[in-house]
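# Remarks on the overall topology
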Amino acid sequence: MVVGSPTASFVNEVVAVCRQTPDGRLLDCNDACAMMLGYRDREDLLEAGRLVYANDSDLAAVVAAVEDLRKLSNVELALTRKDRSVAWVLQNLRSVTDDDGFVALDVAMFDVTEQRIASQRFEHQALHDGVTGLPNRALFTDRVSVAIAHARRRHLSVAIIVADIDGFGALNEKHGRGFADRILRE
């Protein structure tokens, strides 16, 4: 494929698409890409000059993988929006080459920020107590097993301290669950 200016269909795509150099310089994009990243329009994002990866190593890793495979699909990573918030995107990438070799990346992106936040919220709820927000038994068990394995490898010891609130059941019955929950949080 020869690298050239994008066709009108590229610019008018509903999906967020862009073309960038391996060092991250933005060659072209469409309005959907610009708006997904909080820019006014295509020209506004092109003026910024590049997509800003929230993790500096993401672009280098993607470029290396694309160079190896000549095509890379479904890479989830974080981009920084114009307002500095994070947009989690699922990118489908492919290299665009000319006669001399690798020249650019064509990128199609889907915003998966809401799904990522929901997934993180679900994971947090699965591993933390709903009242106190502290790690629950599942997370505690995992962390203790990791600590014990680490201690064994280094011939160290692990100490666990257990605290109990005497009469908590009676407190719960006498003053109600809401009051007892406030005591727990404190």
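See the structure printed just above.
Here we summarise the structure given alongside this text. None of the values given here were measured: they were computed from a predicted structure.

### Details of the pattern of salt bridges
Counted by the stated rule, this structure contains 9 salt bridges. The closest approach of N and O atoms between K82 and D44, which form a salt bridge, is 3.0 Å. Taken together, the residues K82 in the loop between β4 (71-80) and β5 (86-98) and D44 in helix α3 (residues 42-48) connect sequence positions 38 residues apart. Taking relative accessible area as the criterion, D44 reaches 8% and is therefore assigned buried. Notably, a salt bridge pairs R94 with D106, separated by 3.2 Å at the nearest N-O pair. On the criterion of sequence distance, the pair formed by R94 in strand β5 and D106 in strand β6 (residues 101-111) is long-range, its members being 12 residues apart. The exposure class assigned to D106 is buried, which follows from its relative accessible area of 10%.

Reading the values: the criteria
Residues numbered from 1 in each chain as written. Predicted model: local features only at pLDDT ≥ 70, side-chain atom pairs only at ≥ 80, totals over all residues. Heavy atoms only, no water. Salt bridge = Lys/Arg side-chain N within 4 Å of Asp/Glu carboxyl O. Helix = DSSP H or I, 4+ residues; strand = E, 2+ residues; numbered from the N terminus. Buried < 20%, exposed > 50% of the residue type's maximum accessible area, 1.4 Å probe, protein only.

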